[in-house]
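Letter by letter, the chains look like this.
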Amino acid sequence: MAELFTAQNFVAFLTLLALETVLGIDNVIFISILSGKLPEHQQAQGRQLGIAFAVISRIILLLAITWVQRLEGTELFTIFGNNISGKDLVLLLGGLFLIGKSTYEIHEKLDTEDHGTHSVGAGKLTLSNMIAQVLLIDLVFSLDSVITAVGISDSLVVMVTAIILAAILMVVFSGQVSAFIERHPSMKILALSFLILIGSMLVIEGWAHEAAEDLHLKNYIYFAMAFAVIVDFLQLRLKSKQNKPVKLHNQPKMPESGD
């Protein structure tokens, strides 16, 4: 544990903690949206189990890092001149699943709104079905998370500590994130749109990893997501003041007629 407190490892730890927290947000959004479809008495349990499996899968992959590296370097087959490794296949399938699932959820949400029955989605999903879907997507996010961790630090203590602390943040804030998304339908659509964007990024990384790295695709996507969240928060703040007339200050006065 003492190696965590060297200057180099501490910087790596802080960097990794920030990145793992960002990557964990994607997980929390997906888990929050799925858990919202469970019966009300199972929603908190669904969130806790989903995050627990996310943490366990990350730590298992870290401990089996040689297998992960082999998965990343082994070419399984070639399509249209692209060499597809085990990691690429996981990213492609996970990205396609995320796109399909999020698109379905958006359609279901819009259909529900059209019929005026806001609670149709609640209780339609069983806990076992939710866990199965979460396990699938946890594998994708965990693989990305572990490869990021290995790229930043070569200390297992640093990597495991950062992942566990990021997981604690996920546990602490998952309830608030879930409640906020459920209270604001526009945020739920925005969150699902983010998942489509993330799924598209995973597909591109699986299909053409080097091109995605050269274009710094993740930077652009996370910037777009942050910008969209800021705009939506401003919109929510404006809606909360709907009953009050909006006044613009320091406006020039028009000259009165006859002056």
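Conventions used here
Residues numbered from 1 in each chain as written. Predicted model: local features only at pLDDT ≥ 70, side-chain atom pairs only at ≥ 80, totals over all residues. Heavy atoms only, no water. Axes fitted to C-alpha atoms, helices over the stretch in contact; angles between N-to-C directions. Helix = DSSP H or I, 4+ residues; strand = E, 2+ residues; numbered from the N terminus. Parallel < 35°, antiparallel > 145°, perpendicular 65-115°, else oblique. Left-handed = near helix turned anticlockwise from the far one by under 90°. Contact = heavy atoms within 4.5 Å. Nonpolar A, V, L, I, M, F, W, Y, C, P; charged D, E, K, R; others polar. Pairing = 2+ DSSP bridges. Salt bridge = Lys/Arg side-chain N within 4 Å of Asp/Glu carboxyl O. Buried < 20%, exposed > 50% of the residue type's maximum accessible area, 1.4 Å probe, protein only.

> Looking at this structure, how should I read the packing of helix H2 (residues 43–63) against helix H6 (residues 156–183)?
Between two packed helices, what matters for the description is the angle formed by their axes and the separation of those axes. H6 packs onto H2 with a crossing angle of 165° between their chain directions and a minimal axis gap of 10 Å. Judged on the interaxial angle alone, H6 and H2 are roughly antiparallel. The interaxial crossing formed by H2 with H6 has right-handed handedness. Across from Arg47, Ile51, Ala54, Val55, Arg58, Ile59, Leu62 and Leu63 in H2, the residues of H6 making contact are Leu156, Met159, Val160, Ile163, Ile164, Ala167, Met170, Val171, Ser174, Gly175 and Ser178.

> For this particular structure, what's the right way to read the packing of H6 against helix H7 (residues 185–207)?
At their nearest, the axes of H6 and H7 sit 5 Å apart, and the two run at 115° to each other. Considering their axes alone, H6 and H7 lie roughly perpendicular with respect to each other. In contact with Phe180, Ile181, Glu182 and Arg183 of H6, H7 contributes Pro185, Met187, Lys188 and Ala191. Across the contact of H6 with H7, the residue classes tally to 5 nonpolar, no polar and 3 charged.

> Help me understand the pairing of strand E1 (residues 75–79), please; the structure alone is not making it clear to me.
Strand residues, when the strand is regular, have side chains that alternate between the two faces of the sheet. Across 4 bridges, E1 lies against strand E2 (residues 82–85) in antiparallel orientation. Across the sheet, the residue bridging to Glu75 is Ser85, located in E2.

> Help me out: how do you make sense of the pattern of salt bridges in this one?
Oppositely charged side chains can pair when the atoms bearing their charge come close. The full count for this structure, using the stated rule, is 2 salt bridges. A salt bridge links Glu105 to Lys37, with the nearest nitrogen and oxygen atoms 3.7 Å apart. Residue Glu105 is found in helix H4 (residues 86–114), and its partner Lys37 is found in the loop between helix H1 (7–35) and H2; the two are separated by 68 residues along the sequence. Its salt-bridge partner being Lys101, residue Glu105 comes within 3.2 Å of it at the nearest N-O pair. Of this pair, Glu105 and Lys101 both sit in helix H4, 4 residues apart, roughly one helical turn. Residue classification places Glu105 among the buried residues on the basis of a relative accessible area of 4%. Residues joined in a network through salt bridges with shared partners are Lys37, Lys101 and Glu105.

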